[in-house]
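Read off the chains here:
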Amino acid sequence: MTRKELFKNTLRKSVHAWKLINELPLSDDESLMLRHFMDQPGFLDLHWRMFVPAIKGQGTEEQKQKWLPLANKMQIIGCYAQTELGHGSNVQGLETTATFDPQTDQFILHSPTQTSSKWWPGGLGKVSTHAVIYARLITDGKDHGVHGFIVQLRNMDDHSPLPGITIGDIGVKFGNGAYNSMDNGFLMFDKFCIPRDQMLMRLSKVTREGKYVPSDVPRQLMYGTMVSVRQTIVSNASIAMARAVCIATRYSAVRRQFGSQNGGIETQVIDYKTQQNRLFPLLASAYAFRFVGEWLKWLYTDVTQRLEASDFATLPEAHACTAGLKSMTTSATSDGIEECRKLCGGHGYLWCSGLPELFAVYVPACTYEGDNVVLQLQVARFLMKTVSQLGSGKAPAGTTAYMGRAKHLLQCRSSIRKAEDWLNPAMVLETFEARALRMAVSCANNLSKFENQEQGFSELLADLVEAAIAHCQLIVVSKFIVKLEGEIKGKGVKNQLKNLCYIYALHLIHKHLGDFLSTNSITSEQASLANHQLRSLYTQVRPNAVALVDAFDYTDHYLGSVLGRYDGNVYPKLFEEALKDPLNDTVVPDGYHEYIRPLIKQHLRSARL
Ligand SMILES: CCCCCCCCCC/C=C\CCC/C=C/C(=O)SCCNC(=O)CCNC(=O)[C@H](O)C(C)(C)COP(=O)(O)OP(=O)(O)OC[C@H]1O[C@@H](n2cnc3c(N)ncnc32)[C@H](O)[C@@H]1OP(=O)(O)O
Ligand SMILES: Cc1cc2nc3c(=O)[nH]c(=O)nc-3n(C[C@H](O)[C@H](O)[C@H](O)COP(=O)(O)OP(=O)(O)OC[C@H]3O[C@@H](n4cnc5c(N)ncnc54)[C@H](O)[C@@H]3O)c2cc1C
């Protein structure tokens, strides 16, 4: 499809999905499933996952009563317009202004510079009638920082932009189809007025007289919509990883290469230890991210209930966990999808493998809802704060509870003696805790050598990110272990999940061996025992690998991959796909007479000379 056709077709699908949701009707969970089967980014994502939650989280009761019924019936369509051309990560650096005019009781929205243009919001370019806009609030000449406003963008009769608004699509993005179904947009305000009651005023307010009443709750609640979406992105990482792994595993069982004895059948590539060493940790990650996603959903629900009761104590941890896990799982999934493409050899590069499109549509997850490095630095700040409070009498809780055992974890030596010890959950956990704590403490010690803490933080950014990643990996490993301790139906299933859990943990040790050795969390002998155990686990997973991806229950239609077909009938179907290509409509291609023939003729002429 051309960009226009793709965009229009996505509108068609979105509206059809919305119709089904209402007619059947579908529950919230079923509607989310439908979104996955629709399988294309579109305006519904932003309307439901950001616009509506932003009003719910930041609007007053009156604002919710006014706007939510309209949004819930989709009589208005909204998006989330925060990022600008000049600033995305640095939210406090946004430039759009919302200046209160006491004469008219309105805010004047203005884009003072080119860099202040809103740039990127999905659904903004062509579809949305409304947006939650983030702008600097100015009253009586004073800048109160960034706040949210509900703004009508387009005329409800003919969809034209309202006077004072310039709006459009930012252009083609990475990949052929991928995210191009979405109208990520730009927007500029030229002294555009909105009534005062369209500032989202649950947290802070502006009175009729123009007095600014700051929030008596943490201002970070304004970032609540991002926390909510980051949480859902973690479960989505599992879904995308599982999809790529399903394709690569099934194809690796079909594909044969080398190893023929006396003209016999060749070896299935899934039997090569190198293939297993690349593939099975990704299979394990798909399960691991699913379990940590379930736990994160619980954490998010818990913090939401606490916030409703004005208990803000766990907000920093919820922010650190959602930011860190969003970052870690999306980076691993993007890399994992690309690895799956390579695991499928040359055919993985074909569009009909399903992997190029999956990569193109997935990879921006490393950037949207917060650049992954910027988010890990938030985790690092949280860790540095926690380390600095050790010994102050305030016991670390939740995911940093292990830091409360700092004395032990800083000096303990791993008691792994034989390969099977690596199947002991307590020993594995302690290894990850020791590594994470020692990396965090090492950063804190290095930071303390700087007179200026912020300067020190800047200098140590790379180490801080590594420490944050170590902490996040510990969370994933520990939640996998907790899952295994709970009820899992079927002994066989539990054994398989145990194998995957240890593969997940041991491959991380292998991958980040430098961290584990340099922090003395393990010795080089224990590292080689881990590798030995890993190989044995691969052997145990091998006979069940296809069943473990079948368990994701993805239909062929959803996978969209010739290589990942359930029936394994890959080669005839590759031919079928190839023959469908428009280039094969004719035997002699268009352009032959114009370019190829004259070239060949010229060659023949010169050969004769
Ligand atoms: C085919 C299938 C496709 C897959 C389909 C899957 C669908 C998946 C769902 C997708 C849904 C929608 C699609 C995505 C659309 C994308 C939308 C966007 O990208 S919206 C824009 C997102 N923008 C960002 O994320 C910006 C990143 N930056 C920030 O969040 C902040 O600016 C930050 C955290 C970097 C720094 O904040 P700030 O500038 O305020 O710094 P401060 O120093 O002032 O921080 C103060 C203090 O606050 C703490 N803090 C920061 N954020 C939060 C928070 N969210 N909650 C709680 N606390 C927070 C910070 O740590 C500081 O704490 P302190 O104790 O003072 O150190
Ligand atoms: C597909 C897609 C959809 C999007 N949808 C929306 C939307 O609906 N609404 C919306 O408002 N926005 C949206 N965005 C914007 C998105 O949220 C931002 O692009 C994102 O937050 C990253 O910000 P940035 O572009 O400013 O990156 P930058 O911050 O400019 O990042 C560039 C580089 O600088 C590094 N960097 C930046 N700051 C630091 C630092 N302090 N320390 C170390 N390194 C640093 C980063 O790691 C990165 O390598 C979307 C983006 C994409 C790609």
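Residues numbered from 1 in each chain as written. Chains lettered and ligands numbered in written order. Predicted model: local features only at pLDDT ≥ 70, side-chain atom pairs only at ≥ 80, totals over all residues. Heavy atoms only, no water.

The protein appears in an unreviewed UniProt entry as Acyl-coenzyme A oxidase from Raphanus sativus. Under the UniProt heading Sequence similarities (unreviewed entry), the note attached to the protein is "Belongs to the acyl-CoA oxidase family." Taken verbatim from the UniProt record of the protein, the Cofactor (unreviewed entry) comment is "FAD". (UniProt positions renumbered as here; feature names shortened; annotations may be inferred.)

## Some thoughts on the UniProt feature "domain: Acyl-CoA oxidase C-alpha1" (unreviewed entry) in the protein
UniProt annotation of "domain: Acyl-CoA oxidase C-alpha1" (unreviewed entry) refers to residues 223-384 when read in the numbering used here. With 72% helix and 0% strand, the stretch residues 223-384 has end C-alpha atoms that lie 22 Å from each other. (Helix = DSSP H or I, 4+ residues; strand = E, 2+ residues; numbered from the N terminus.)

## Structural notes on the site of ligand 2
Neighbouring ligand 2 are 20 residues, the closest being Tyr-80, Thr-83, Gly-88, Ser-89 and Asp-371. Thr-83 is positioned with one of its side-chain polar atoms (N or O) 2.7 Å from a nitrogen atom of ligand 2. Here an oxygen atom of ligand 2 sits 2.5 Å away from a polar atom, N or O, in the side chain of Ser-89. Here ligand 2 loses 64% of its free accessible area of 970 Å² to cover by the protein chains. Residue contributions to the shell around ligand 2 peak at 3 residues, all from helix α9 (residues 372-388). Tallied by class, residues from the shell around ligand 2 come to 10 nonpolar, 8 polar and 2 charged. (Near = heavy atom within 4 Å. Polar contact = N/O pair within 3.5 Å; in protein donor to acceptor, adjacent residues only side chain to side chain. Areas by Shrake-Rupley, 256 points an atom, 1.4 Å probe, with all protein chains shown as cover. Nonpolar A, V, L, I, M, F, W, Y, C, P; charged D, E, K, R; others polar.)

## A short note on the pairing of strand β2 (residues 97-101)
With 4 of 5 residues buried, β2 lies mostly within the body of the structure. Examined bridge by bridge, β2 and strand β3 (residues 106-110) share 5 bridges and lie antiparallel to one another. When the sheet's bridge partners are listed, Thr-97 is paired in β3 with His-110. Taking the residues between adjacent antiparallel strands as the criterion, β2 and β3 are bridged by 4 residues, where Asp-105 takes a positive phi near 60°. With 3 bridges joining them, β2 and strand β5 (residues 130-139) adopt parallel strand pairing. For Thr-99, the partnering residue across the bridge sits in β5 and is Ile-138. (Buried < 20%, exposed > 50% of the residue type's maximum accessible area, 1.4 Å probe, protein only. Pairing = 2+ DSSP bridges.)

## Notes on the UniProt feature "domain: Acyl-coenzyme A oxidase N-terminal" (unreviewed entry) in the protein
In this structure's numbering, the residues bearing the UniProt feature "domain: Acyl-coenzyme A oxidase N-terminal" (unreviewed entry) are residues 1-77. Secondary structure content for residues 1-77 is 78% helix and 0% strand, and the end C-alpha separation is 25 Å.

## With respect to the pattern of salt bridges
Considering all chains together, one arrives at 24 salt bridges under this definition. In this structure, Asp-271 engages Arg-542 in a salt bridge whose closest nitrogen and oxygen atoms are separated by 2.5 Å. You can see Asp-271 sitting in the loop between α5 (224-254) and α6 (273-308) and its partner Arg-542 sitting in the loop between α16 (524-541) and α17 (545-550), a full 271 residues away along the chain. Taken together, the shared-partner salt bridges in this structure form one network comprising Asp-105, Arg-196 and Arg-208. (Salt bridge = Lys/Arg side-chain N within 4 Å of Asp/Glu carboxyl O.)

## Observations regarding the site of ligand 1
In the vicinity of ligand 1 lie 29 residues, with Ser-89, Arg-219, Tyr-223, Gln-378 and Lys-385 positioned nearest. Between a nitrogen atom of ligand 1 and a side-chain N or O atom of Gln-82, the distance comes to 3.3 Å. Here an oxygen atom of ligand 1 and a side-chain polar atom of Arg-219 are 2.7 Å apart. Mapped onto the shell around ligand 1, the elements with two or more residues apiece are α3 (43-58), α5, α7 (315-343) and α9. Looking at the shell around ligand 1 element by element, the count peaks at 5 residues for α5. Grouping the amino acids of the shell around ligand 1 by side-chain chemistry returns 12 nonpolar, 10 polar and 7 charged.

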